[in-house]
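# Tertiary structure, described
Residues per chain, in single letters:
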Amino acid sequence: MRCRTTTPADEPGLHALWAAAFPDAATVAALWNRAPGRHGRTFAAEDGGGRLVSALHYQPRPIRSATGRVQRVGCVGGVATHPDARGQGHVRHLLAAAVDAMTADECAWSLLFTATPRVYESAGWRSFGAPGWSGPLADRAPHAGAAAVRPATRADLPALRALRDGFDAVRPLTTVRGADDWEHRVPVWYAAPARILVAEDRAASGHAGTAAPASAQAPRGAAPSGTPAGFAVLRHPAPRQAELAEIALAPGREADAAGALLSAAALHARAAGATTATVRLPADPAIVAALPRFLADPAPAPTHYGMARPLLAPAHDVLATVTAPTAFHWYADSF
């Protein structure tokens, strides 16, 4: 086996490898294709015939620490081994090469997400938890608060970015998103059938209800009509299932915006045929209080997909970041 960084000539082989390993290979490739310096940060193992049989890449991302300081973090993704080459230690060798490269690249620590942690534990990564809830979808009357809810359009992006930056200002483990993230990464991860719902002042918006039905969405380029109080992202990871994957709430309007958004998300999820749902959001008081508007009987369902490995930062600093009470990493910041 030969372990090396990739070149542009390897792109067809990488895409073929990801297609053999991932159901969402097109998403992985689309994000990787936009990553600056990607070939120098992509490591691959090839067999005796020169075929790529295993690969991974890392991308430095600016992530907030427990103290609010932004750190350079080596985010590992695209980890794949061809089915006929598994169990031969390829990923272990690639991880060792990536650790050396991330350290030389001045990454404070490394972050990844996986449902199969064993190989990463042997390479120094440690799991950490994230809050979550699951249950049957709620079937309640619309939220009668001051905020109305509608689907977002591209014209809402500046307002969504401001809401995201404000809500995350001191939240550990969140990524500082740039313009390219909003223009390219967010639309990839939240492509249809996912939808972004925006809550805004009811009087300014002119909406009489909580949320527009799917058949009456705002036009793609329509200008926002009210003052945004928050937004939430509704995904459909499997048939008849819904998931809340992201939220941002304006200061001072958290309770009303959370109630309106979760109530509207339940309405949209039911219209799409979902009967059960999960919530992957931080355990902020306003969010926890609004859970019954989305789930009929919210049951705790924490996850332990996140894994962290210190590089240049002390281990206790990394642990403080990933285990902070308000820490969260949003789905659209995946890599």
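Structure shown above.
## Here's the deal with the nonpolar core
- In terms of nonpolar packing, the biggest core is built from 52 residues, with Tyr190, Phe231, Leu244, Ile247, Leu249, Leu261 and Phe294 touching the most fellow members.
- At nine residues, the largest contribution of residues to this core is made by helix α8 (residues 254-271).
- Among residues more than four places away in sequence, those in contact with Leu249 are Leu163, Phe167, Ala229, Gly230, Glu254, Ala257, Ala258, Leu261, Ala286 and Ile287.
- Counting 22 residues, the second-largest nonpolar core is a separate cluster that includes Phe43, Ala85, Ala98 and Leu112.

## Considerations on the sheet that holds strand β5 (residues 109-113)
- Within the open sheet, the seven strands sit side by side as β1-β2-β3-β4-β5-β14-β6. Their pairing is mixed. Looking at which strands have only one partner, the edges of the open sheet turn out to be β1 (2-5) and β6 (126-130). Taking the axes of each pair of neighbouring strands and ignoring which way they run, one obtains an average angle of 30 degrees across the sheet.
- Here helix α10 (residues 315-322) sits on the sheet and contacts β3 (52-64), β5, β6 and β14 (303-310); the angle it forms with β14, its principal contact strand, is near 155 degrees.

## So, the pairing of β3
- Of all 13 residues in β3, 12 are buried, a share of seventy percent or more.
- Of the pairings in the sheet, the one linking strand β2 (residues 42-46) to β3 comprises five bridges and is antiparallel in character. The residue bridging Ala45 from the neighbouring strand is Ser54, located in β3.
- What sits between β2 and β3 in their antiparallel hairpin is a turn of five residues, with Gly50 showing a positive phi close to 85 degrees.
- Looking at chain direction, β3 and strand β4 (residues 70-81) are connected through 10 bridges and run antiparallel. Pairing of Ser54 across the sheet is with Thr81, part of β4.
- Following β3, the chain reverses through five residues before pairing antiparallel with β4; Gly68 in that reversal takes a positive phi of roughly 90 degrees.

How each quantity is defined
- Residues numbered from 1 in each chain as written.
- Predicted model: local features only at pLDDT ≥ 70, side-chain atom pairs only at ≥ 80, totals over all residues.
- Heavy atoms only, no water.
- Core = buried A, V, L, I, M, F, W, Y, C linked by side-chain atoms within 4.5 Å.
- Buried < 20%, exposed > 50% of the residue type's maximum accessible area, 1.4 Å probe, protein only.
- Helix = DSSP H or I, 4+ residues; strand = E, 2+ residues; numbered from the N terminus.
- Contact = heavy atoms within 4.5 Å.
- Pairing = 2+ DSSP bridges.
- Axes fitted to C-alpha atoms, helices over the stretch in contact; angles between N-to-C directions.

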